[in-house]
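Chain and residue survey
The primary structure of each chain is shown beneath.
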Amino acid sequence: MENFEPEIVAFCCHYCAYTAADMAGSKRISYPPNVKIIRVPCTGKVDAIHIMKALEKGADGVYVAGCLEGDCHFKNGNTRARYRVEHVQKYLEELGWETDRVAMINMSAGMGEFFARTALEFTQKIKLLGPSPIKRINIDKNQKAVSE
Amino acid sequence: MITAEQKPLSEIIEYISPYDRILLVGCNECVTVCAAGGRKEVGLLSSALNLHFLKQGRTIDIKEMTLERQCDPEYVEELVSEIDRADAILSMACGCGVQTIAERYKEKPVFPAVNTKFMGASESQGIWAERCRGCGDCLLGITGGICPVARCSKQLLNGPCGGTSNGMCEISPDVECAWCLIWERLKALGMEKRYEEIMEAKDWRPAGGGGPRKIIREDLSL
Amino acid sequence: MKTESKLEKVLASGALAVTSEVGPPRGALPEKVKEKASLIKDHVDAINVTDNQTAMVRMSSWAAGVIIKQMGLDPILQMVTRDRNRLAMQSDIIGAYSMGINTMMCLSGDHVKFGDHPMANGVFDLDSIQLVQAVRKMRDEGKFQGGADIKSPPKMFIGAAANPFADPFELRVMRLAKKVKAGADFIQTQCIFNLDKFEKYMEMVCDRGLDQQVHLLAGITPMKSAGMARYMKNKVPGMDVPDEVIKRMEGVSKEEQPEEGIKIAIESIQRLKEAKGVHGFHIMAIEWEEKVPQIVEKAGLFPRPVL
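Note that the structure is predicted; figures quoted are calculated from it, not measured.

Cut-offs and rules
Residues numbered from 1 in each chain as written. Chains lettered and ligands numbered in written order. Predicted model: local features only at pLDDT ≥ 70, side-chain atom pairs only at ≥ 80, totals over all residues. Heavy atoms only, no water. Pairing = 2+ DSSP bridges. Helix = DSSP H or I, 4+ residues; strand = E, 2+ residues; numbered from the N terminus. Axes fitted to C-alpha atoms, helices over the stretch in contact; angles between N-to-C directions. Contact = heavy atoms within 4.5 Å. 1 Å grid on protein atoms, 1.4 Å probe; cavity = no way out; pocket = protein on both sides within 12 Å on 5 of 7 lines; lining within 4 Å. Points joined across faces, edges and corners; volume = space filled by probe spheres on them. Nonpolar A, V, L, I, M, F, W, Y, C, P; charged D, E, K, R; others polar. Expected span 1.5 Å × (residues − 1). Buried < 20%, exposed > 50% of the residue type's maximum accessible area, 1.4 Å probe, protein only. Arc of directions from axis to C-beta. Salt bridge = Lys/Arg side-chain N within 4 Å of Asp/Glu carboxyl O. Buried area = accessible area lost by both parts, 1.4 Å probe. Polar contact = N/O pair within 3.5 Å; in protein donor to acceptor, adjacent residues only side chain to side chain. Domains from an automatic or database assignment. Parallel < 35°, antiparallel > 145°, perpendicular 65-115°, else oblique. Left-handed = near helix turned anticlockwise from the far one by under 90°.

Moving on, we get to the sheet that holds strand β5 (residues 157-162) of chain C. All names here are of chain C. The strand order around the closed barrel formed by eight strands is β1-β2-β3-β4-β5-β6-β7-β8, and the pairing between neighbours is parallel. Neighbour to neighbour, the strand axes of the sheet diverge by 30° on average, direction disregarded. Bridging between strand β1 (residues 17-22) and strand β2 (residues 46-49) involves four bridges; their strand directions are parallel. Pairing of T19 across the sheet is with A46, part of β2. Strand contacts of helix α3 (residues 61-70): β1, β2 and β3 (75-80), with the helix running at about 180° to β3, the strand carrying the most contacts.

Structural data, given as structure tokens:
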């Protein structure tokens, strides 16, 4: 599993998390290229099915990044997002998947360093967890084929 | 409406594991309202099942469909175009819907994906509570609009029992004593005298005691 | 007289009646029933036999009642509507009467949730008031609840329970009136610790003339310890234990607490003897039956009338 580079999807709200990501970029603070950002007007737009589909298509980890609690530009979109992340985590638990593959993160627009740091931490966490269970089978199959 | 809750995934997976092609059918009425089996939940369940089977290196073919209602033959008929491409049907409707599908498509196994719970109403967003037991002889007119059959833990018609505590039922401090509620309503309506009238022993036949029930309206049959 | 019941005779004579309880064992142990009944037999007029109390399965109350009857004593058959439908209840009543049991209590019963079979379906085909009506119909009209004639109807002296302390308080006398209207001949109350509140309740009962229509027996339970007093205050639904009682129990050493509890019980009986409408006492000393004779004697209710 040495060369495993996780594929991470990050749903970022336009008003806070995406702006923070922008700030990280303009300040030349780097964060892992594993993180693919999807900009949404508000994390309240992210539904449970979006997270599930990302995992279905092979994402190793998904996080939803929104405004700080109480500061959502649209009042409580980030609270709805948190509930939906928890809903997905319940499904993952029932399926025997690691619930840490999915997370809710809060930050303000000015937290460029924080954005970069959390992106790095999340990527590292997923690296330790290994590839998504649906990819693992294929990797095992390939390794078996190689050793034979 | 009829409330339901999704079954544990492990149980659903056990039902459908032997099959390769599943027709997953939701319902646009009651189970949509209580977020257990509507279009959204169909999508989520389909995704969750895919995640499970992909993890085993197996692809399963899930066709998603949501009918207006599953308890009417006309709507269930709409599945006819998909039925031959399915090995089994997984229904997210209440027990009534599951059975209507099973009756129509006798050659395909049908599995329930939700546990049907009770007839209830929304108390507030996300909270549904039991309100009706379908006793077939509604007495809400004489109990101030509160049902002792559905809401009293002992279905007393001459309550309350001696176990009330702060207006709550003896079974839990979170369950209101139906008879305390009834008494408050009767007072508010100026109908206290009604309380002293003894409600006679109930005839449970209309409530299902006489066997499975049916309503026949000949004026409505073509 | 409506029945052959000894309790009815004692009450009709104008004497204060005394009853107590025996809880049947959780197994086929007839000896246990005889033991408990023997402890109290000379100090009571009749003995309640509880019916799957707190929803825990025990020897059936009619079976334990028969054992007590065969000792030459007078059992009061308690019947809850939680475990039987109206067929089984009427059937058990005829059976019990055929074995010599002539006094019974009609109750709803604690919810199954409290017992050892929370997964069971509570029956509740009838409630306690409807059961009282049914038993009266059997006795006075000779008809089953469903209307058919009974060959040789059972003549039961009918009791019901009353809890002056459950809320809402304003409803309690109305509820008693309902039970009397349904046909209750005697009432046993939940155990009383708040004597002031109980006396107020009795005033309301007499104001309505209910004391002329039904015999009320006041429930008395001796406290074994301050812990028990606190438990009853906080954990048992429908119980009213004033702080003074708790303080009194806490005010003596642990070894002296049982004696204090008995003293309180005796004092309560002596005070309530004077209350209008109280026609007797129902002493509930769960797992402490051996103290009943002492309480009855010290309260001046011994010897029991011989009729």
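Another aspect to go through is empty space enclosed by the protein. If a probe the size of a water molecule is rolled over the atoms, the empty space left behind becomes visible. All names here are of chain B. Per the stated rule, a full pass over the model turns up one cavity of 30 Å³ or more. Of the volumes computed, that of the largest cavity is approximately 130 Å³. Contributing to the lining of the largest cavity are 16 residues, with C152, S153, C161, C169 and C177 lying nearest its centre. When grouped by side-chain class, the residues that make up the lining of the largest cavity number nine nonpolar, three polar and four charged.

All names here are of chain C. Taking 1.5 Å of rise per residue, the 13 residues of helix α7 (residues 195-207) would be expected to cover 18 Å, and the 18 Å separating its terminal C-alpha atoms lies within 8% of that figure. All of the buried residues in α7 are L195, F198, Y201, M202, V205 and C206. Along the long axis of α7, the arc covered by the buried residues comes to 135°, so they all point the same way. The outward face of α7, more than 90 degrees from its buried face, is lined by the exposed residues D196, E203 and D207. Looking at the packing, one finds that the buried side of α7 touches β5, α6 (169-182), β6 (186-191), β7 (215-220), α10 (257-272) and β8 (278-283). The first or second residue beyond α7 is G209, which carries a positive phi of 75°.

With that settled, the discussion passes to the pattern of salt bridges. Close approach of charged atoms allows side chains with opposite charge to pair. Here the structure, examined in full by the defined rule, presents 50 salt bridges over all chains. Among the salt bridges present, the one from B:R151 reaches B:E176, with a minimum N-O distance of 3.5 Å. With B:R151 in helix α6 (residues 148-151) and B:E176 in the loop between α6 and α7 (178-188), this pair connects stretches of sequence that are 25 residues apart. With relative accessibility at 36%, the residue B:E176 sits in the partly exposed group. The salt bridge partner of C:R304 is C:D45, with a shortest N-O separation of 2.8 Å. With C:R304 in the segment after α11 (292-298) and C:D45 in the loop between α2 (30-40) and β2, the pair connects residues that are 259 residues apart, well separated along the chain.

In many analyses, interface size is given as the accessible surface area lost on bringing the parts together. Between chain A and chain B, the contact holds 18 residues from the first and 18 residues from the second. Interface area lost by chain A to chain B is led by A:E56, A:Y91 and A:L95, which between them contribute 37%. Applying the counting rule to chain A against chain B returns one salt bridge. Two residues, B:K40 and A:D47, come together in a salt bridge whose shortest N-O distance is 3.1 Å. On the surface where chain A and chain B come into contact, there are five residue pairs in polar contact (both at pLDDT 80 or more). Contributions of two or more residues to the side of chain A that touches chain B are made by α2 (48-56), α3 (77-95) and α5 (133-147) of chain A. Per-element tally for the side of chain A that touches chain B: the top contributor is α2(A), with six residues.

Looking now at the interface of chain C and chain B. With 32 residues of chain C in contact, the opposing surface of chain B contributes 31 residues. For the pair chain C and chain B, the summed buried surface comes to about 2700 Å²; carbon and sulfur atoms form 51% of the total. Run the count over chain C and chain B and you get two salt bridges. The partner of C:R208 in a salt bridge is B:E196, and the shortest N-O contact between them spans 2.7 Å. The tally of links from chain C across to chain B stands at 20 residue pairs in polar contact (both at pLDDT 80 or more). Those elements that provide at least two residues to the side of chain C that touches chain B are α5 (128-141) and α6 of chain C. If one sorts the elements of the side of chain C that touches chain B by residue count, α6(C) sits on top with nine residues. Partitioned by chemical class, the residues of the side of chain C that touches chain B number 12 nonpolar, eight polar and 12 charged.

This part takes up the environment of B:C180. Tracing the backbone through its elements, the reader meets B:C180 in helix α7. Given the relative accessible area of 9%, B:C180 is considered buried. The sequence separation of B:C180 and B:E11 amounts to 169 residues, and the corresponding C-alpha distance is 40 Å. The residues contacting B:C180, other than those within four sequence positions of it, are B:T164, B:G167, C:D167 and C:P168.

Glancing now at the domain arrangement of chain B. Considered domain by domain, chain B is made up of domain 1 (2-118) and domain 2 (133-207). Relative to domain 2 of chain B, the C-alpha centre of domain 1 of chain B lies at a distance of 38 Å.

We now examine the packing of α2(A) against α3(A). All names here are of chain A. Here α2 crosses α3 at 45°, and the two axes come no closer than 9 Å. Classified by the angle between their axes, α2 and α3 sit oblique to one another. Note that α2 runs across α3; the crossing there is right-handed. Between α2, through A48, I51, M52 and L55, and α3, the contact on the second element is made entirely by R84, V85, V88, Y91 and L92. Grouping the constituent residues of the contact of α2 with α3 by class yields eight nonpolar, no polar and one charged.

Residue and element names in this part refer to chain B. With respect to the helices, strands and loops of the structure, R194 is situated in the loop between α7 and α8 (205-209). Sequence separation of R194 and G167 is 27 residues, and the distance between their C-alpha atoms is 20 Å. Not counting chain neighbours up to four residues away, the residues in contact with R194 comprise G141 and I142.

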